Amino acid sequence: MIYVTKSFLPPVKLYKKYIDNIWKTNQITNQGPLLKELENKLKKYLHVKYLHFLSNGTVALQLALDALNIKNGEIITTPFSYVATTSSILWERCSPVFVDIEPDNFTIDVSQIEKKITKKTKAILAVHVFGYACDIDGIQKIAKKYNLKVIYDGAHAFSVKYKGKSLLDYGDITTCSFHATKLFHTVEGGCCITKDKKTNDKLELAKRFGHNGDIHKQLGINAKNSEFHAAMGLSNLPFIDKIINERKKISKLYDKLLPEIQKPKKQENLEYNYAYYPVIFKNEKQLLNVISRLNKENIFPRRYFYPSLNTLPYLMKKQNCSVSENISKRIVCLPIYAGLENKNIEKIIKIINRII
Ligand SMILES: *Cc1c(COP(=O)(O)O)cnc(C)c1O
């Protein structure tokens, strides 16, 4: 079976070394030494100031909205993402206002944001989808003009650099996911990143029930992660650059052998992480045909992202985003992961080329 991705597993000896340590400290959660070590190593690796290792990327988004005091408002967001981007807005009892995407790289179309701003708008929640950078300068300008908070969902952007700087270092808060299917994983996990001391202090309290000892300061939730998850992160982190390099090679091979197919355009000043390999077919029929042929060979690409989130059935009102709806019907992510063999890549390519 070949899936869109395969979780990297570190040498079990290395993982065991960290686990043995847990048996020595007997601390398994509540901001233990391994969690602290992972947070410090991630801050260094990502060149960011404050980072909170959390239980997953969805709760990271919810906590971010909460830490920035965004309540009962409208949030400008993108329809082209994983459902968690929209569901966390709804879960925090806010309203998503969808702005269509750029046809080139599927990030939010900044030229269309201003006309969607109302008195109720509180924030912009944009996604560096597939690890492609949003128009950060454009978003910042609008946020400043209308006094809006900016949150980036950076679930796909681990290790990406934009204009020489970590892509996770922008906005009021950037979140990331360390789920097993993501480039860097801790089995389940995620984080909130910020530069602001006050926001950092809020996250620190809110992620563990809002209290310090017996002093209850604010409403909180349980968003902490454990020593076992931190151990997996610490075991995976030393391999991340090697993993990215291997993915880069696969990506280049796809580029070379799939010259005819439409692919997104990455920004020039982007140091990419090769987390995904999306391709766009002529129409949905062709895409379904390719998927069914691949499935017959036990190859399972994923329709990332489908459906366009503005069409979710539980939204209160209908909003149109024609570019996103169009792309989401025609896009699929091909298998890409460290260890994917050349002969299997060639098989995938052959099947696609035969159909197109
Ligand atoms: C995976 C993902 C999330 C959610 O992360 P979890 O850790 O699975 O909760 C949020 N946003 C995007 C864009 C994702 O791809």
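Because the structure is predicted, anything quoted here is derived from the model rather than measured.

Novice: Before we go on, may I ask you to explain the sheet that holds strand S7 (residues 161–162) in this structure?
Specialist: The pairing of strands in a sheet comes from backbone hydrogen bonds and takes either a parallel or an antiparallel form. Strand order across the open sheet formed by three strands is S8-S7-S13, with antiparallel pairing between neighbours. Either end of the sheet is taken by a strand with one partner, and the two such strands are strand S8 (165–166) and strand S13 (270–271). Bridge count between S7 and S8: two bridges; the pairing is antiparallel. Its bridge partner lying in S8, Lys-161 is registered against Ser-166.

Novice: So what exactly am I meant to see when it comes to the packing of helix H1 (residues 12–25) against helix H2 (residues 33–46) here?
Specialist: For any two helices packed against each other, the geometry comes down to the angle between their axes and how far apart the axes lie. Relative to each other, H1 and H2 sit at 135 degrees, their axes nearing to 10 Å. Relative to H2, the element H1 is oriented oblique. For the pair H1 and H2, contact is made by Tyr-18, Asn-21, Ile-22 and Thr-25 and by Pro-33, Leu-34, Glu-37 and Lys-41, respectively. The residue makeup of the contact of H1 with H2, split by class, is four nonpolar, two polar and two charged.

Novice: It is not clear to me how the nonpolar core should be interpreted in this structure. Could you clarify?
Specialist: Buried together is how nonpolar side chains tend to be arranged in soluble globular proteins. Counting 68 residues, the largest nonpolar core has Phe-80, Phe-106, Ile-113, Phe-130, Ile-139 and Phe-158 as its most contacted members. Here this core takes five residues from H2, the largest share from any one element. Inspection of this core shows a minimum of three residues originating in each of domain 1 (2–237) and domain 2 (239–355). Beyond its immediate chain neighbours, meaning those up to four positions away, Ile-113 contacts Ile-76, Val-99, Ile-108, Ile-124, Ile-139 and Ile-142. Val-279, Leu-294, Ile-348 and Ile-349 belong to the second-largest nonpolar core, a separate cluster that totals 25 residues.

Novice: Help me understand the side chain of Thr-86 in this model?
Specialist: Looking at where Thr-86 falls in the secondary structure, it is placed in helix H4 (residues 83–91). Non-local contacts of Thr-86, meaning those with residues more than four positions away in its chain, are made with Thr-78, Pro-96, Phe-98, Leu-309, Leu-312 and Leu-315.

Novice: Which parts of the structure should I look at to understand the site of the ligand?
Specialist: Surveying the vicinity of the ligand reveals 14 residues, the closest of which are Thr-58, Asp-153, His-156, Ser-177 and Lys-182. Contacts to the ligand include Ser-177, whose side-chain N or O atom sits 2.7 Å from an oxygen atom. For the ligand, the accessible surface in isolation is 380 Å², of which the surrounding protein chains cover 92%. Breaking the shell around the ligand down by element, the ones donating at least two residues are helix H3 (57–67) and H4. Of the residues contributing to the shell around the ligand, the split by class is three nonpolar, nine polar and two charged.

Conventions we followed
Residues numbered from 1 in each chain as written. Predicted model: local features only at pLDDT ≥ 70, side-chain atom pairs only at ≥ 80, totals over all residues. Heavy atoms only, no water. Pairing = 2+ DSSP bridges. Helix = DSSP H or I, 4+ residues; strand = E, 2+ residues; numbered from the N terminus. Axes fitted to C-alpha atoms, helices over the stretch in contact; angles between N-to-C directions. Parallel < 35°, antiparallel > 145°, perpendicular 65-115°, else oblique. Contact = heavy atoms within 4.5 Å. Nonpolar A, V, L, I, M, F, W, Y, C, P; charged D, E, K, R; others polar. Core = buried A, V, L, I, M, F, W, Y, C linked by side-chain atoms within 4.5 Å. Buried < 20%, exposed > 50% of the residue type's maximum accessible area, 1.4 Å probe, protein only. Domains from an automatic or database assignment. Near = heavy atom within 4 Å. Polar contact = N/O pair within 3.5 Å; in protein donor to acceptor, adjacent residues only side chain to side chain. Areas by Shrake-Rupley, 256 points an atom, 1.4 Å probe, with all protein chains shown as cover.

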